Amino acid sequence: MKIFVLFLVTIMMTMVQNAASQDVPPYKNPALPVEDRVEDLLARMTIDEKIGQMTQLNITMINTTGQQRDVELVPEKARDLILNHHIGSFLNGESVPAEEWYDYMSQLMRISVEETRLGIPVIYGIDHIHGASYLEGATYFPQGINLGATFNPEHSRQTGSVTAMESADLGHHWVFAPVLDLGEEQIWPRFWETYGEDPYLASVMGAAYVDGLQNNEEIAPYKVTATAKHYMGYSSPGSGWDRTPVQIGMQAIHEFHRPSFQAAIDAGIKTVMVNSGEVNGVPVHASYHFLTELLREQMGFEGVILTDWADIDKLVNFHRVSENFTEATLLSVMAGIDMSMTPDNLQFNDSMKELVADGRMTEERIDESVRRILRLKFDLGLFEHPYPRNDRFDRIGAPEHTAAALSAAEESLVLLKNDGDVLPLANPSTIILAGPTANNKRNLSGGWTIAWQGGEEERYPEDMHTIYTALQEEFPDAAIELVTEMPAADDDAAVQAFMNQLDAADMIVYAGGEEPYTEFVGNIKDLTLAEDQRNDLELLGRSDTPLALVLVQGRPRIITPVYSSLDAIVHAGLPGFEGAEAIAGLISGSINPSGKLPFSYPQHTGHYLNYNHKSSDVYFFNPQEANHIAQGSPNTSLFQFGDGLSYTQFEYSDLVLDQAEVTDGGTITASVTVTNTGDREGMESVLWFTRDMVGSITRPVKELKHFEKIQLEPGESRTVTFAIVPEEKLWFPDEQGNKLLEPGAFSLMVGGLQTEFTLQD
Ligand code: BGC
């Protein structure tokens, strides 16, 4: 026995010695804590290797054609950048088949893992913002503005989760979503990427997305990180145009713009992408205050801060705060960025080396960023599982994913007007369908779909419905008459014939709105609905046949001039690949609309307010008033935040508080009963608002504090509750971001009911 034990011990010792002699460095040992691995690896790296980790380059630098769409890797190009310049990250692409991504990523990863001295895997970033949008055959969810309209965080979670399921296997480690900016500037060309104008809604939706994307265990052994973008204030430019200057007081930054980013950080988001524009005179990429003091020290973000596209260069050529790229690099890195999306040259590497050589950039500062980047790579398991796999491609576009996207699209449609209950349309024999979006796929999904500005029409799946084909399928017994050209207004005979055609139909559906766009490509000068569409609607409105306008658009184009001729209005937004089916279902009534506007729909081009405006925002001359001043009246939106009709009716009653007074540390439980008083099943988002009646910093007239979506059968009632915890729901920040909790009176509003309570000292 003794001999046997001795024998075993000897064998084990030999094994340990062998392992040691093979010299597996500690950073390659997954059993060690991540921090130990990071430090071990960092200690082995040269300065140039560290700088390379801080660089992200575009796909066009390593593919055959230099085009975004091309994922054919040129190994020599990749080798040069990875072996000689130590590049640690790449990004981008366009929609191509999974096999092509698989080949490309396999080769790219292999070069970084097997051919470099230390074998540090590259991390790949991609704009899969509403599903795996750069992958052929993937599931495309509605865009952010539609997810906001669902008021159902499950849809946001599903968007993240399905994106991970369909693309993690391809080596898409780093998804550049969610967009946590606010949709409060309606002409801004990225309005539709947001969850709407409300900070709380954006916080809940954003956090759900992060959870769905980052915590999806079905993608094991892989992990994916989300990106909180674009930090911060990007969405409120004075001119309404992309990347143009923003002036917001710091108090408003803390109160309105910070919460969605804070919620994502609290949900464990690992990376942040920076706003390309300036805020209060300082480009955010150059702002130590925003990147270090606020984001890191105050908000507690410990992950990787990535620049947006070429934004160090923009400090020189766009913002003009630096004389040259090297100065801009110094400014930006010292402000707090960790990685430069350079993205198509080696200027960042060269500048960093120059700064180190001149003694202006310390290795300690570089180490801080590289630590974060390596930690991200270890956390994502890239060292253990660097290679993509191709044995689960049946997940891509799986029926249950498509069903989730359809359900999100359905809940995202907002019925805004339905005079005379013209919808739903029962047993029609003829529907006239017109408008630029009537028989078109690309308009339904907007930008960041197949390609940056949305793919060309022929790149959309053959089996994807347009509104026209979806209506044909939904109404198999009806004639759907597609009008591709309106008669010329001065051709009386043609107009008369057209009127006869319209008069004979049961309904006219006009699918209007916008073509896809994003970023500065989508800058416009006038928010009014395009003139040709207004003319079309004017002509169609002359008929007595009910006219329904379906708005497929990325921002609320002003429809006031044609409003009175419309019997029904559906805000379809950008509902994604399943959107047409959802729209047809809403028209037929096979689905009951439940979306609510996540923004205020403007009535005028010259004046609009967000729903959570200040009381003094409404101040105008009114000869009827004794002092000629009208103040504090409802805002002038055509439709309000939270508006949205159903085919059934919901009645709110019995708004009750368990106590009318609360102190810090206590809770008021509010409850309200919602009854479906109509004759069909429906869903209702119950939105709870508060108003702080007096505040040392002026308070919004209304603030969304809680929401919940419920489903009710006809005649069914449900009592829902809202726990008002003062330290969570009743505070507001000062200019430094300190929480102020001021005693006094509050109003509570839900479904048209209102009551009051008091926060005691
Ligand atoms: C956009 C980002 C995007 C990045 C990478 C930038 O122009 O502002 O939202 O993630 O490009 O494509």
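Computed from a prediction, not measured in an experiment: that's the story for all the values here. (Residues numbered from 1 in each chain as written. Predicted model: local features only at pLDDT ≥ 70, side-chain atom pairs only at ≥ 80, totals over all residues. Heavy atoms only, no water.)

**Brief notes about the pattern of salt bridges**
Charged atoms that come close allow side chains of opposite charge to pair.
So, point 1. In total, this model carries 37 salt bridges according to the counting rule given.
So, point 2. The partner of Glu 49 in a salt bridge is Arg 117, and the shortest N-O contact between them spans 2.8 Å. A residue pair is termed long-range when its members are at least 10 positions apart, and Glu 49 in helix H3 (residues 47–53) and Arg 117 in the loop between helix H5 (98–114) and strand E3 (123–126) qualify at 68 residues.
So, point 3. Glu 49 gets classed as buried once you look at its relative accessible area, which sits at 9%. (Salt bridge = Lys/Arg side-chain N within 4 Å of Asp/Glu carboxyl O. Helix = DSSP H or I, 4+ residues; strand = E, 2+ residues; numbered from the N terminus. Buried < 20%, exposed > 50% of the residue type's maximum accessible area, 1.4 Å probe, protein only.)

**A look at a nonpolar patch on the surface**
So, point 1. Taken together, the side chains of Trp 452, Phe 520 and Val 521 make up a nonpolar region of the molecular surface, amounting to roughly 280 Å² of accessible area.
So, point 2. Summarising the element assignment, Val 521 is placed in the loop between strand E14 (507–513) and helix H18 (531–540). (Patch = residues over 30% accessible without salt bridge, like charges linked within 9 Å, V, L, I, M, F, W, Y side chains within 5 Å. Areas by Shrake-Rupley, 256 points an atom, 1.4 Å probe, with all protein chains shown as cover.)

**What about the site of the ligand?**
So, point 1. Contacts to the ligand come from 13 residues, most closely from Asp 127, Arg 190, His 230, Asp 308 and Glu 519.
So, point 2. Lys 229 places a polar side-chain atom, nitrogen or oxygen, 2.9 Å from an oxygen atom of the ligand.
So, point 3. The separation between an oxygen atom of the ligand and a polar side-chain atom of Glu 519 is 2.9 Å.
So, point 4. Protein contact buries 96% of the 310 Å² of open area that the ligand shows by itself.
So, point 5. Tallied by class, residues from the shell around the ligand come to five nonpolar, two polar and six charged. (Near = heavy atom within 4 Å. Polar contact = N/O pair within 3.5 Å; in protein donor to acceptor, adjacent residues only side chain to side chain. Nonpolar A, V, L, I, M, F, W, Y, C, P; charged D, E, K, R; others polar.)

**Some words on a negative patch on the surface**
So, point 1. Residues Glu 72, Glu 99, Glu 100, Asp 103 and Glu 136 make up a contiguous surface patch of negative charge.
So, point 2. One can find Glu 100 in helix H5. (Lys, Arg positive; Asp, Glu negative; His and termini not counted. Charge placed at Lys NZ, Arg CZ, Asp CG, Glu CD.)

**A few points about unusual backbone geometry**
Excluding glycine, residues mostly carry a negative phi; peptide bonds, for their part, are mostly trans.
So, point 1. The peptide bond linking Ala 177 to Pro 178 adopts the cis configuration, its omega dihedral lying at 10 degrees.
So, point 2. Among the structural elements, Pro 178 can be located in the loop between strand E4 (174–175) and helix H8 (199–214).
So, point 3. That bond from Ala 220 to Pro 221 is cis: its omega, 10 degrees, falls within 30 degrees of zero.
So, point 4. Tracing the backbone through its elements, the reader meets Pro 221 in the loop between H8 and strand E5 (227–231).

**Here's the deal with the environment of Thr 116**
So, point 1. Relative to the elements of secondary structure, Thr 116 occurs in the loop between H5 and E3.
So, point 2. Between the C-alpha atom of Thr 116 and that of Ile 82, which follows or precedes it by 34 residues, the distance is 7.6 Å.
So, point 3. Excluding residues that lie within four positions of it along the chain, Thr 116 makes contacts with Ile 82, Leu 83 and Ile 111.
So, point 4. A distance of 2.9 Å separates a polar atom in the side chain of Thr 116 from the backbone nitrogen of Gly 119. (Contact = heavy atoms within 4.5 Å.)

**Points about the sheet that holds strand E12 (residues 430–434)**
So, point 1. Strand order in the open sheet made by the six strands is E11-E16-E15-E14-E12-E13, with mixed pairing throughout. Two strands in the sheet have a free side with no partner beyond their single neighbour: strand E11 (414–418) and strand E13 (479–482). The average angle at which neighbouring strand axes cross in this sheet is 20 degrees, direction not considered.
So, point 2. Where helix H16 (residues 467–474) meets the sheet, it contacts E12, E13, E14 and strand E15 (547–552), and its direction lies at approximately 165 degrees from that of E13.
So, point 3. Contacts between H18 and the sheet are confined to E14 and E15, with E14 contributing the most and set at about 170 degrees to the helix. (Pairing = 2+ DSSP bridges. Axes fitted to C-alpha atoms, helices over the stretch in contact; angles between N-to-C directions.)

**Details of the side chain of Glu 166**
So, point 1. Tracing the sequence through the fold places Glu 166 in helix H7 (residues 153–167).
So, point 2. A polar contact of 3.0 Å, which involves the side chain of Glu 166, links it to the backbone nitrogen of Gly 397.

**Considering the packing of H8 against helix H9 (residues 250–266)**
So, point 1. Packing of H8 against H9 leaves a shortest axis separation of 8 Å and a crossing angle of 15 degrees. Looking at the two axes, H8 sits roughly parallel to H9. Viewed along their axes, H8 and H9 form a crossing whose handedness is right-handed. Of the residues in H9, those touching H8 at Pro 199, Ala 202, Ser 203, Ala 207 and Val 210 are Glu 255, Phe 256, Pro 259, Ser 260, Ala 263 and Ala 264. (Parallel < 35°, antiparallel > 145°, perpendicular 65-115°, else oblique. Left-handed = near helix turned anticlockwise from the far one by under 90°.)

**Describing the confidence of the model for the protein chain**
So, point 1. On average, residues of the protein chain carry a pLDDT of 95, and 96% of them reach 70 or more.
So, point 2. Mean pLDDT across the secondary structure elements of the protein chain bottoms out at helix H1 (residues 2–22), with 49, and peaks at strand E9 (residues 304–306), with 99.
So, point 3. Segment residues 13–21: pLDDT under 50, and one contact once partners within four positions in sequence are set aside and those in other chains are kept. (pLDDT = per-residue confidence, 0-100.)

**Comments concerning the environment of Lys 28**
So, point 1. Mapped onto the fold, Lys 28 is located in the loop between H1 and helix H2 (34–44).
So, point 2. Separated by 648 residues in the primary sequence, Lys 28 and Asn 676 have C-alpha atoms spaced 60 Å apart.
So, point 3. Apart from the residues lying within four places of it in its own chain, the contact partners of Lys 28 are Arg 37 and Leu 118.

**Regarding the sheet that holds strand E21 (residues 668–676)**
So, point 1. Within the open sheet, the three strands sit side by side as E19-E21-E24. Their pairing is antiparallel. The open sheet has two edge strands with one neighbour each: strand E19 (650–657) and strand E24 (717–724). Direction aside, the axes of adjacent strands within the sheet are offset by 20 degrees on average.
So, point 2. Two strands pair when backbone bridges link them, and E21 and E24 are joined in this way by eight bridges, in the antiparallel orientation. Looking at E24, one finds that Thr 669 is bridged to Ala 723.

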